[in-house]
Amino acid sequence: MSETRSSARRPLSPFMIGPYYKPQLTSMLSITHRIMGVALAVGSFLLAWWFYAVAAGPESYATFLSCADTLVGRVVLAGFIFGTIYHTLNGIRHLLWDIGWGFEIKQVYASGYVMVTLAVLGTLAAWYCAFFRGGA
Amino acid sequence: MSLRNPLATARGLGSAKDGTGTFLAERLSALALVPLTLWFLWSALGHFGGGYADTRSFLAQPMNASLAAAFVLLLYYHAALGLQVVIEDYVHVRWLEITALIAVKLLFSFAALVCLLAVIRITLGG
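Criteria and cut-off values
- Residues numbered from 1 in each chain as written.
- Chains lettered and ligands numbered in written order.
- Predicted model: local features only at pLDDT ≥ 70, side-chain atom pairs only at ≥ 80, totals over all residues.
- Heavy atoms only, no water.
- Patch = residues over 30% accessible without salt bridge, like charges linked within 9 Å, V, L, I, M, F, W, Y side chains within 5 Å.
- Areas by Shrake-Rupley, 256 points an atom, 1.4 Å probe, with all protein chains shown as cover.
- Salt bridge = Lys/Arg side-chain N within 4 Å of Asp/Glu carboxyl O.
- Helix = DSSP H or I, 4+ residues; strand = E, 2+ residues; numbered from the N terminus.
- Buried < 20%, exposed > 50% of the residue type's maximum accessible area, 1.4 Å probe, protein only.
- Contact = heavy atoms within 4.5 Å.
- Buried area = accessible area lost by both parts, 1.4 Å probe.
- Polar contact = N/O pair within 3.5 Å; in protein donor to acceptor, adjacent residues only side chain to side chain.
- Nonpolar A, V, L, I, M, F, W, Y, C, P; charged D, E, K, R; others polar.
- pLDDT = per-residue confidence, 0-100.
- Core = buried A, V, L, I, M, F, W, Y, C linked by side-chain atoms within 4.5 Å.

What about a nonpolar patch on the surface?
All names here are of chain A.
Point 1. A surface patch of nonpolar side chains, amounting to about 460 Å² of accessible area, comprises Leu-46, Trp-49, Tyr-52, Val-72 and Val-76.
Point 2. Contributions of two or more residues to the nonpolar patch are made by α2 (25-56) and α4 (71-98).
Point 3. By relative accessible area, which is 61% here, Val-72 ends up exposed.

Structure representation (structure tokens):
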């Protein structure tokens, strides 16, 4: 009896990206949060390389810098900075939702717009510090 | 007394009865990572562009070394938990899912170890 019930194909709600829903701020920020999380997780091995290089000595560090100071390295670093700021700020929204705060649809949109604004401004400021003021 | 058929639970008609711990671990590590990430970003932009000696002496200061150690440990823990959720959501070929889950645990544990030993070496001056 339970055999037939358990093997029955149950309907699933459609995935948020695809023909069933139009793109919305909420779903786009959500999937971007995931994508950034995965990208940061993969990129975090570069952070391990950096820590290793600092510990291993000036020559290792110079090797790291020679790779980081290329066009590809700079693009990766720029992406890293944006992803970190975005995932951190949007993560604060998720943490607040987890304690039940701001879960009304109007509040979700408001915090979404605030987060995007802060993420863009923060990223531009960090890019300026990193690339034009002689940082990183 | 439960009327639920045990087979129903095993076949996916009921919850696994655990997982809250993993859920909380992801949130708590996230909570701690908010200030730690901002600290690291701030440090990176302010101190890590000044050459090898400056970078190393900055990280070698006891409080900075402690923060860096906490940052990397929680970072790789949180990353592994997050990837676990993504893999479980999207990888539907069972052997591939298991392989990916194991690979994530091992790789991120190792990365955390590399960073932690690096921080220890930097602060103790090896």
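Now, onward.
A word on the pattern of salt bridges
Point 1. All chains considered together, the criterion is met by five salt bridges over all chains.
Point 2. Notably, a salt bridge pairs Arg-34 of chain A with Asp-89 of chain B, separated by 2.8 Å at the nearest N-O pair. In this pair, Arg-34 of chain A is assigned in helix α2 and Asp-89 of chain B in helix α4 (residues 62-90), connecting two distinct chains.
Point 3. Judged by relative accessible area, Arg-34 of chain A falls into the partly exposed class, the value being 24%.
Point 4. Across the pair Arg-94 of chain B and Glu-97 of chain B runs a salt bridge whose closest N-O atoms are separated by 3.4 Å. Of this pair, Arg-94 of chain B and Glu-97 of chain B are both found in helix α5 (residues 94-124), three residues apart, which corresponds to roughly one turn of the helix.
Point 5. For Arg-94 of chain B, a relative accessible area of 56% translates into the label exposed.
Point 6. By relative accessible area, Glu-97 of chain B is classed as buried at 11%.
Point 7. The network of salt bridges with common partners includes Asp-98 of chain A together with Glu-26 and Arg-27 of chain B.

Thoughts on the interface of chain B and chain A
Point 1. On the chain A side, the residues contacting the 41 residues of chain B number 37 residues.
Point 2. For the pair chain B and chain A, the two sides together bury roughly 3,200 Å², of which 74% comes from carbon and sulfur.
Point 3. Here chain B is connected to chain A by two salt bridges.
Point 4. Taken together, the connections running from chain B to chain A amount to nine residue pairs in polar contact (both at pLDDT 80 or more).
Point 5. Listing elements by their share of the side of chain B that touches chain A, those giving two or more residues are α1 (6-13), α2 (20-47), α3 (52-60), α4 and α5 of chain B.
Point 6. Tallying contributions element by element places α4 of chain B first for the side of chain B that touches chain A, with twelve residues.
Point 7. Partitioned by chemical class, the residues of the side of chain B that touches chain A number 30 nonpolar, six polar and five charged.

Section: the confidence of the model for chain A
Point 1. Per-residue confidence for chain A averages 91 on the pLDDT scale, and 92% of its residues sit at or above 70.
Point 2. Across chain A, element-level confidence peaks in α4 of chain A with a mean pLDDT of 97 and bottoms out in helix α1 (residues 2-7) of chain A with 49.

Let's talk about the environment of Ile-120 of chain B
Residues and elements named next belong to chain B.
Point 1. For Ile-120, the location among the structural elements is in helix α5.
Point 2. Classification of Ile-120 as partly exposed rests on a relative accessible area of 38%.
Point 3. Distance from Ile-120 to Ala-80, taken between C-alpha atoms, is 22 Å for residues 40 residues apart in sequence.

Topic: the nonpolar core
Point 1. Membership of the largest hydrophobic core comes to 39 residues, with the highest contact counts inside it found for Trp-50 and Phe-51 of chain A together with Tyr-76 of chain B.
Point 2. Of all the secondary-structure elements, those providing two or more residues to this core are α2 and α3 (58-68) of chain A together with α2, α3, α4 and α5 of chain B.
Point 3. When residues in this core are grouped by element, the largest group, eleven residues, is from α4 of chain B.
Point 4. Sequence-distant contacts of Phe-51 of chain A, that is, excluding residues within four places in its chain, are made with Phe-40, Leu-59, Ala-68, Val-72, Cys-115, Ala-118, Val-119 and Ile-122 of chain B.

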